[in-house]
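Geometric and topological summary
For reference, the chains in residue letters:
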Amino acid sequence: MIRAAFWKDRRVLITGHTGFKGSWLSLWLQAMGARVVGYALPPATQPSLFAVAGVAQQMVSILADVRDPDQLANAFADHRPEVVFHLAAQAEILRSYAHPVETYATNVMGTVNLLEAIRQTPAVRAVVVVSSDKCYDNRESAEEAHRESSALGGSDPYSSSKACVELVAAAYRSSFFSAADHASHSTAIGSARAGNAIGGGDWSDNRLIPDAMRAFTGKRPLMVRHPGAIRPWQHVLEPLAGYLLLAEKLHEEGAAFAEAWNFGPVDQDTHSVEQVLEALVGIWGDGAAWLRDVRPHPHEAHCLRLDASKAGSGLHWHPVWRLPTALRATVDWYRAHSCGADMTAICREQIDDYCRDAASAITR
């Protein structure tokens, strides 16, 4: 279970804090009393969770590019973080086809720049490099779930870049932050590979939930590229809880946890896009509908499954919210936003609800 006392007054730096996951993580850390510094480009969407939830109000927010090694190094020198979460990325598959150079420069060299800055910052004890379940060489087996030992790969620039991120993290871990020398450098680097995160505040293009929310709010049918595609769906708070638990372990026990970790839903929540949409339509009501988009589209993997049993046994991390709860929380968030609610309060309430449900699951 996440220990709020561990994070109280802890110096934490998050790259990508203006994004969907980064904003939720920043709010959670703020609620636990951490001293949070963010480093990222301005929000990529309008609106953005970063803006509507007032994420910048209780943290130091640096708007800069991970492709700029000097600015990144200066941020580390100025704030001397103890814990680092690296979430900054070009995270869209379709955009990676249109902008492959940007994708590799941000995802791969951005990670190199981050790890170089960490090499010059002795204060850093724990680093969580956030990768993706797309980093695997996906043979699209309906029966086989990817384990941390599965082969890396990627048939599109985004997936390939995330495999490269894993290789970069492993190379720096072996070359500069090895387990054998942990007593001398005191820095432990883990990587996190999560499933398809859903939740309130995502306005990205070409993602199922944001596209659905835009369509349903506008009372028009959602056009869907690949309704048969199978993905491991989970609420955004699920992998973030895993990242926090991993960071605690890296900080306190070091090299024993400095490796790759999957964070995915129970196998029963690995559903097709069509199944998720049918559930979402039922929750939304009000004439919500979807149609198959029969136009040609770039290749995307048909089936992706994730085995998170290692995180269960090694970190005592387990999914808390099943898919119906995750979808309900997501719809509630967007409806609250459309009604002009205080979205900082709504986010805090959902974080509190998740933590309460997690605590209840442990005691059962």
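Structure: see above.
Residues numbered from 1 in each chain as written. Predicted model: local features only at pLDDT ≥ 70, side-chain atom pairs only at ≥ 80, totals over all residues. Heavy atoms only, no water.

For the rest of this paragraph, the subject is the sheet that holds strand E7 (residues 196-198). Strand order across the open sheet formed by three strands is E7-E9-E11, with mixed pairing between neighbours. The sheet is open, and its two borders are formed by E7 and strand E11 (270-272), each paired with just one other strand. Taken pair by pair, the neighbouring strands of this sheet meet at an average axis angle of 50°, ignoring direction. Pairing analysis gives three bridges linking E7 to strand E9 (residues 230-235), with the strands arranged parallel. Bridged to Asn196 within E9 is Trp233. (Pairing = 2+ DSSP bridges. Helix = DSSP H or I, 4+ residues; strand = E, 2+ residues; numbered from the N terminus. Axes fitted to C-alpha atoms, helices over the stretch in contact; angles between N-to-C directions.)

What follows deals with the packing of helix H11 (residues 273-284) against helix H13 (residues 323-338). Relative orientation of the contacting elements H11 and H13 amounts to 50°, with a least axis distance of 10 Å. Considering the angle they form, H11 stands oblique to H13. Here H11 and H13 pass one another in a crossing that is right-handed. Between H11, through Val276, Ala279, Leu280, Ile283 and Trp284, and H13, the contact on the second element is made entirely by Leu323, Pro324, Leu327, Arg328, Val331 and Arg335. Class assignment for the residues of the contact of H11 with H13 results in nine nonpolar, no polar and two charged. (Parallel < 35°, antiparallel > 145°, perpendicular 65-115°, else oblique. Left-handed = near helix turned anticlockwise from the far one by under 90°. Contact = heavy atoms within 4.5 Å. Nonpolar A, V, L, I, M, F, W, Y, C, P; charged D, E, K, R; others polar.)

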